[in-house]
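Below, each chain spelled out in residue letters.
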Amino acid sequence: MELEVLCETVGVFSENSYFLVERKTGEAVAFDPGDEPERLLAIIQDRGLKLRYILNTHAHIDHVGAVEALKEATGAPFYLHPAELRLLQSIPAQAAMFGLASPPIPEVDGKLSDGLVFRFGSGPFDIKVHDTPGHSPGGVTFEVGNVLFTGDALFEGSIGRTDLPGGDATTLLDSIRRKLLVFPDATIVYPGHGPHTTIGEERRSNPFLQGMS
Ligand SMILES: [Zn+2]
Ligand SMILES: [Zn+2]
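Residues numbered from 1 in each chain as written. Chains lettered and ligands numbered in written order. Predicted model: local features only at pLDDT ≥ 70, side-chain atom pairs only at ≥ 80, totals over all residues.

1. Focus: the sheet that holds strand β13 (residues 188–191)
With mixed pairing, 6 strands are arranged side by side in an open sheet as β7-β8-β9-β10-β13-β14. Where the open sheet ends on each side, the last strands, each with one partner, are β7 (117–120) and β14 (197–198). The pairing of strand β8 (residues 125–131) with strand β9 (residues 140–144) spans 4 bridges and is antiparallel. Its bridge partner lying in β9, V129 is registered against F142. (Pairing = 2+ DSSP bridges. Helix = DSSP H or I, 4+ residues; strand = E, 2+ residues; numbered from the N terminus.)

2. What about helix α1 (residues 37–47)?
The α-helix winds at 3.6 residues per turn, so residues separated by three or four positions along the chain end up facing the same way. Within α1 the residues assigned to the buried category are P37, L40 and I44. For α1, the buried positions fall inside an angular range of 70° around the axis, keeping them on one side. Every exposed residue of α1 that faces more than 90 degrees away from the buried side is listed here: E38, A42, Q45 and D46. (Buried ≥ 20, exposed ≤ 12 C-beta atoms within 10 Å, placed from the backbone. Arc of directions from axis to C-beta.)

3. Some thoughts on the environment of S14
Following the sequence through the fold, S14 ends up in the loop between β1 (3–10) and β2 (15–22). Sequence separation of S14 and H130 is 116 residues, and the distance between their C-alpha atoms is 24 Å. Once you skip the residues sitting within four places of it in the chain, S14 turns out to touch T9 and H193. (Contact = placed C-beta atoms within 7 Å.)

4. A look at the sheet that holds β2
Where strands meet in a sheet, backbone hydrogen bonds hold them as pairs that are either parallel or antiparallel. Spatially, 6 strands are ordered β1-β2-β3-β4-β5-β6 in an open sheet, and the strand pairing comes out mixed. At either margin of the open sheet sits one strand with a lone partner, and together these are β1 and β6 (110–111). Note that strand β3 (residues 27–31) and strand β4 (residues 50–55) share 5 bridges and pair parallel. Among the inter-strand pairings, E27 is bridged to a residue of β4, identified as K50. The strands touched by α1 are β1, β2 and β4; relative to β1, the strand with the most contacts, the crossing angle is about 155°. Across the sheet, helix α3 (residues 67–74) touches β3, β4 and β5 (78–80), and the angle it forms with β4 is around 150°. (Axes fitted to C-alpha atoms, helices over the stretch in contact; angles between N-to-C directions.)

5. Points about the pairing of β7
Bridge count between β7 and β8: 4 bridges; the pairing is antiparallel. Across the sheet, the residue bridging to V117 is K128, located in β8. Counting the residues between successive antiparallel strands, the hairpin from β7 to β8 contains 4 residues, one of them, G121, with a positive phi of roughly 75°.

The following block contains the structure:
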């Protein structure tokens, strides 16, 4: 593939910050730049990446901590689902809950919505937005080719927690069933935490999804 996925696991929550890179042009998209902005900025600089968009699956503190630094350094616009705005504004409270220093709250430049498509690179490549709420009210998944960035909706062998403010277990399972399990088995899943997996593997062995499809 002419596209490359770079994964940097950052911060105390071991959050996966991703760059999707078109090798030929160096054009790139950042998904959930969560923490350790200096590490992420070093990758952008070393690889000479041209960052086009910062796209977030949701606004929990572990996923947004480096957004402002990347915006400032690259000028790339930041997109978030409007139903996540309350969570975004609660970053200082989220930080206090975990006894952490609060990262800056980034300004949102554009709204994500189900079916919205971002185009980047010389491919050009389409990034499609799918609403997958449940872990948080405005959680989304991004689809690019045969790859999904699911945030904290679906993990290898697990699913996102739903006990945080705005979380709902029934909604999350419904999102997974209707929006994620409809993809072919070979579809690669890059989650917000832990190793990557496939839709087929999770369909077969994820204990939370048994009997679902
Ligand atoms: Zn989360
Ligand atoms: Zn997370």
